[in-house]
Amino acid sequence: MRHETSSATAAIFAANRARGSVSFDLQQVEGITRRRHLHESGSLRVRFPSPEAEGLSAVFVNTAGGVAGGDRFQIEITAGQGSRIALTTAAAEKVYRAEGPAAELEIKLKAATGSHLSWLPQETILFDGARLSRRIDVDLAESASLLLAEIVVFGRTAMGERMLRGELVDCWRLRCGGRLVFAETVRLDGNIGEKLGKTAVANGGVAVGTALMVPGDEALLERVRELSFGGEVGISAWNGFAMARFCAQDAAKLRADMIAVLHATGSALPRLWLG
């Protein structure tokens, strides 16, 4: 009887999990980027406001109002030859405490010859007890360019909250011209609060960030290294791309540091980042 009750509870839990997916592709028509095929399902939506610069802008909206354990979201974007797209989110994404399975987020980005893709979502905020598994796969043609930035905040520090326990698995893969040039999997679990306090991890920081820039060269590194930051920032370049790492005691300071670095690339940021 107890087993039957447990199975029924698990089935109800699974049936009430949010599901959402968005996929679309782009093409350049007479020098203008236009959307072609678009598919939306579940609680994930995308809107295309007036372009803020050259190319097209897209804003993702999660109508579920946040991410909970067992939720699954998928995003797949293809930028056709010569097209330009800047992608962001309407607000910071909150990931709530999970008693069961982790929330799953799968992102696939593909950019064809001569295209540019900017993936610039606002912060991901992990509540205490949150569990999130995220995978980002990027496939670039050799002449395509990329600006990809992600910020993770451990707890709502402005509300006096910290993330003490939970799980974050973050898997990134970047291919250029069909060749794997960057692969990384970050895993934080268990007593995350204690681990973040260690000097070799975050030295007590509550927000971390990563930015990938393709192409990336020494000239970009020098521009970034001339800047002043409120938190810790490091940048390096290899395999034709540049990577910047961020860590701060305050999420607002890290966001400001990230904006400064992204400005150094010469790319226009979404208005939602600057509001």
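Keep in mind that this is a model prediction, so the values were computed, not measured.

### Comments concerning the environment of R131
Okay, so step 1: Topologically, R131 is positioned in strand β11 (residues 131–140).
Okay, so step 2: In contact with R131, not counting residues within four places along its chain, are V95, Y96, A98, G100, P101, A102, A103 and E167.
Okay, so step 3: Polar contacts involving the side chain of R131 include one to the main-chain carbonyl oxygen of G100, which spans 2.5 Å.

### Concerning helix α4 (residues 251–264)
Okay, so step 1: Helix length check: α4, at 14 residues, gives a terminal C-alpha distance of 20 Å against a target of 20 Å (1.5 Å per residue), a fit within 8%.
Okay, so step 2: Restricting attention to buried positions, one finds in α4 the residues A251, L254, R255, D257, M258, I259, V261, L262 and A264.
Okay, so step 3: Close packing links the buried residues of α4 with β12 (145–154), β15 (207–214), α3 (218–225), β16 (232–238), β17 (241–248) and α5 (271–274).
Okay, so step 4: Measuring from the side-chain oxygen of the N-cap residue of α4 to the backbone nitrogen of A252 gives 2.9 Å; that N-cap residue is D250.
Okay, so step 5: A positive phi of about 85 degrees marks G266, the residue just after α4.

### Some words on the packing of aromatic side chains
Okay, so step 1: On inspection of all chains with the given rule, the structure shows 6 aromatic pairs.
Okay, so step 2: Look at F24 and F48: their rings are 5.2 Å apart centre to centre, the planes differ by 80 degrees, and that puts the pair in the edge-to-face class. One end of the pair, F24, is in strand β1 (residues 19–29); the other, F48, is in the loop between β3 (44–47) and β4 (56–62), and 24 residues separate them in sequence.
Okay, so step 3: Residue classification places F24 among the buried positions, given a relative accessible area of 4%.
Okay, so step 4: Clustering of aromatic rings is evident, with ring pairs tying together F182, W238 and F241.
Okay, so step 5: The ring of W273 carries the charged tip of R255 above its face, separated from the ring centre by 5.1 Å.

### Observations regarding the environment of S41
Okay, so step 1: With respect to the element layout, S41 can be found in strand β2 (residues 32–42).
Okay, so step 2: Look at S41 and you get partly exposed, because its relative accessible area is 26%.
Okay, so step 3: When sequence neighbours within four positions are dropped, the list of residues in contact with S41 reads R19, G20 and S21.
Okay, so step 4: A distance of 2.6 Å separates polar atoms of two side chains, one belonging to S41 and the other to S21.

### A word on the pairing of β4
Okay, so step 1: With 6 of its 7 residues buried, β4 lies for the most part within the structure.
Okay, so step 2: Here β3 pairs with β4 via 4 bridges, running antiparallel. Across the sheet, residue R45 finds its bridge partner in β4, namely V61.
Okay, so step 3: Pairing between β4 and strand β6 (residues 84–89): 5 bridges, direction parallel. Bridge pairing in β6 links L56 to I85.

Thresholds applied
- Residues numbered from 1 in each chain as written.
- Predicted model: local features only at pLDDT ≥ 70, side-chain atom pairs only at ≥ 80, totals over all residues.
- Heavy atoms only, no water.
- Helix = DSSP H or I, 4+ residues; strand = E, 2+ residues; numbered from the N terminus.
- Contact = heavy atoms within 4.5 Å.
- Polar contact = N/O pair within 3.5 Å; in protein donor to acceptor, adjacent residues only side chain to side chain.
- Expected span 1.5 Å × (residues − 1).
- Buried < 20%, exposed > 50% of the residue type's maximum accessible area, 1.4 Å probe, protein only.
- Phe/Tyr/Trp six-rings, centres within 6.5 Å; stacked < 30°, edge-to-face > 60°.
- Lys NZ or Arg CZ within 6 Å of the ring centre and 35° of its normal.
- Pairing = 2+ DSSP bridges.

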